[in-house]
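Breakdown of the fold
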Amino acid sequence: MKKRVLTGDRPTGKLHLGHYAGSLQNRLKVQATCEQFIMIADLQALTDHFEQPALVRDSVLEVAKDYIAIGLESTVFLQSQIPALSELTMFYMNLVTMGRLERNPTVKAELKQKAFGDSVPAGFFCYPVSQAADITAFQAELVPVGEDQLPMIEQTNEIVRKFQRLYGVGALKECSAMLSETGRLVGIDGKAKASKSLGNAIFLADSAKEIKQKVQRMYTDPGHVHVEDPGCVEGNVVFAYLDVFFADKVELASMKERYRRGGFSDGVLKALLTETLQHFLGPIREKRESLVDRDVLERVLTGSMVARKVADATLLAVKEAMCLNYGSSV
Ligand code: TRP
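Structure report, in brief. If you're wondering where the values come from, they're calculated on a predicted model, not measured in any experiment.

Notes on the packing of helix α4 (residues 83–92) against helix α8 (residues 127–137)
Two numbers describe how α4 lies on α8: the axes approach to 8 Å, and their chain directions differ by 120 degrees. Here α8 runs oblique to α4, going by the angle between their axes. Crossing of α4 against α8: the hand is right-handed. Contact with α4, carried on its side by Leu85, Leu88, Thr89 and Tyr92, involves Val129, Ser130, Ala132, Ala133, Asp134, Thr136 and Ala137 of α8 and no other residues of that element. Tallied by class, residues from the contact of α4 with α8 come to seven nonpolar, three polar and one charged.

So, the packing of aromatic side chains
For the coordinates displayed, the defined rule picks out twelve aromatic pairs. For the ring pair Tyr92 and Phe163, a centre distance of 6.5 Å and an interplane angle of 75 degrees mean the geometry is edge-to-face. Taken together, the positions of Tyr92 in helix α4 and Phe163 in helix α9 (residues 150–167) put the pair 71 residues apart, joining distant regions of the chain. Both residues of the pair, Tyr92 and Phe163, count as buried.

Description of the environment of Thr220
Residue placement: Thr220 occurs in the loop between α10 (208–217) and α11 (237–245). Its relative accessible area of 14% is what places Thr220 among the buried residues. Placed 70 residues apart in sequence, Thr220 and Ser290 show a C-alpha to C-alpha distance of 35 Å. Contacts of Thr220, omitting those with residues within four sequence positions, involve Gly235, Asn236, Val238, Tyr259, Asp266 and Lys270. At 2.7 Å, the side chain of Thr220 forms a polar contact with the side chain of Asp266.

Rules used throughout
- Residues numbered from 1 in each chain as written.
- Predicted model: local features only at pLDDT ≥ 70, side-chain atom pairs only at ≥ 80, totals over all residues.
- Heavy atoms only, no water.
- Axes fitted to C-alpha atoms, helices over the stretch in contact; angles between N-to-C directions.
- Helix = DSSP H or I, 4+ residues; strand = E, 2+ residues; numbered from the N terminus.
- Parallel < 35°, antiparallel > 145°, perpendicular 65-115°, else oblique.
- Left-handed = near helix turned anticlockwise from the far one by under 90°.
- Contact = heavy atoms within 4.5 Å.
- Nonpolar A, V, L, I, M, F, W, Y, C, P; charged D, E, K, R; others polar.
- Phe/Tyr/Trp six-rings, centres within 6.5 Å; stacked < 30°, edge-to-face > 60°.
- Buried < 20%, exposed > 50% of the residue type's maximum accessible area, 1.4 Å probe, protein only.
- Polar contact = N/O pair within 3.5 Å; in protein donor to acceptor, adjacent residues only side chain to side chain.

So, to be careful, I would describe these as geometric facts and stop short of saying anything about function.
Structural data, given as C-alpha cells:
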C-alpha cells in the first residue's frame, strides 16, 4: 500500500518561492511513490479573511493553477467541499483545552502579526483543531509542510492520542511532518520569512520583469561595498536563493569561495540569480497562462469528490468509536 500524504495551503493569494522551497518541492518528490491529497484550505483562509470572501474564492483558482503549473498531479480538493472535515472538527474540539490552544506557537506568532487585539475570532483561535481534522480524515502518515507548521502536527498527534485513549485505536492514525531539506526561504528584504503579507516574496506567477526587479532589490552584504572587498555569504539573500534554485552545487561552492575572497561583484551575482530564476519560473508561468479557469475548477471539484469518499470513511469510523452511529449512511 502506498503511503498517504495530506497537505495544503490557505488560498489568500498566489503561491511564491517560499512555498516552493518549504513544501511544494517535497510534494513533487513524493507524488510518484505516495498517494497524495492536496487541499486548498478555503475554510481555514476564512478564519482570518472572513471579511474578504471574494479574495479567498479568487485565490482558490490561483492556488490551483500554481499547483498544476509546477507539475503536481496529485488529487487537489477544496476544504469547503468536504463536510466531514467540519464534523470531525466539532468532535475534536472536546479533546483540546483553551490553554493548549493558547500555547500553540504558530497561532501565537500569527496573533501578534495580525494585531486582532481583544477581538480574536474564535474560528481563527481554533484552526489547529480543524487542521487536525484535515490530516486525520485522510489517515495521512506524511505531511509535507514548512517548519512553521510543526506545532500543528504536534497538536494533531496529541488529539489523535487522546481520541485513542478515550474511544479506541482503530479510527485514527498519527502522522509525521516532512520538512524540506533547504529550510525556510528568507524574504528578498532579508527578513526571516518570504511572505505575501510582508510583501517580500517572488511569486511563481511573477513576470520576467518583476523577477528582475525583485532580485535587484535583494539584500546582499552591506559590508561588500567595492568589488574587491571580501563578501559575506551567510545572511546574503542572493546566496540563500541560489542555495535552493541553483542546481550545480559544486559550482555554487566555488562561487561562494570567490565571493568570500573578494573580487566578485554583487551585479554579477544578481545577474546569475536572475537568470537562474527566469529559467526556473519561465516554463511555470507559461504553463500557468495556458490554463483555462473552467478546466482548473473542474479538476478541483472532481478531486473533491474523491476526497469526500475518503474523509467520509474516516468520519464513519470516528462516529462508531464515539457511539454516534445510528445506522444511517454516515
Ligand atoms: N495551515 C496551512 C497553511 O497555513 C494550511 C493547511 C490547512 C494545512 N490544513 C492543512 C497544511 C493540513 C497541512 C495539512 O498554509
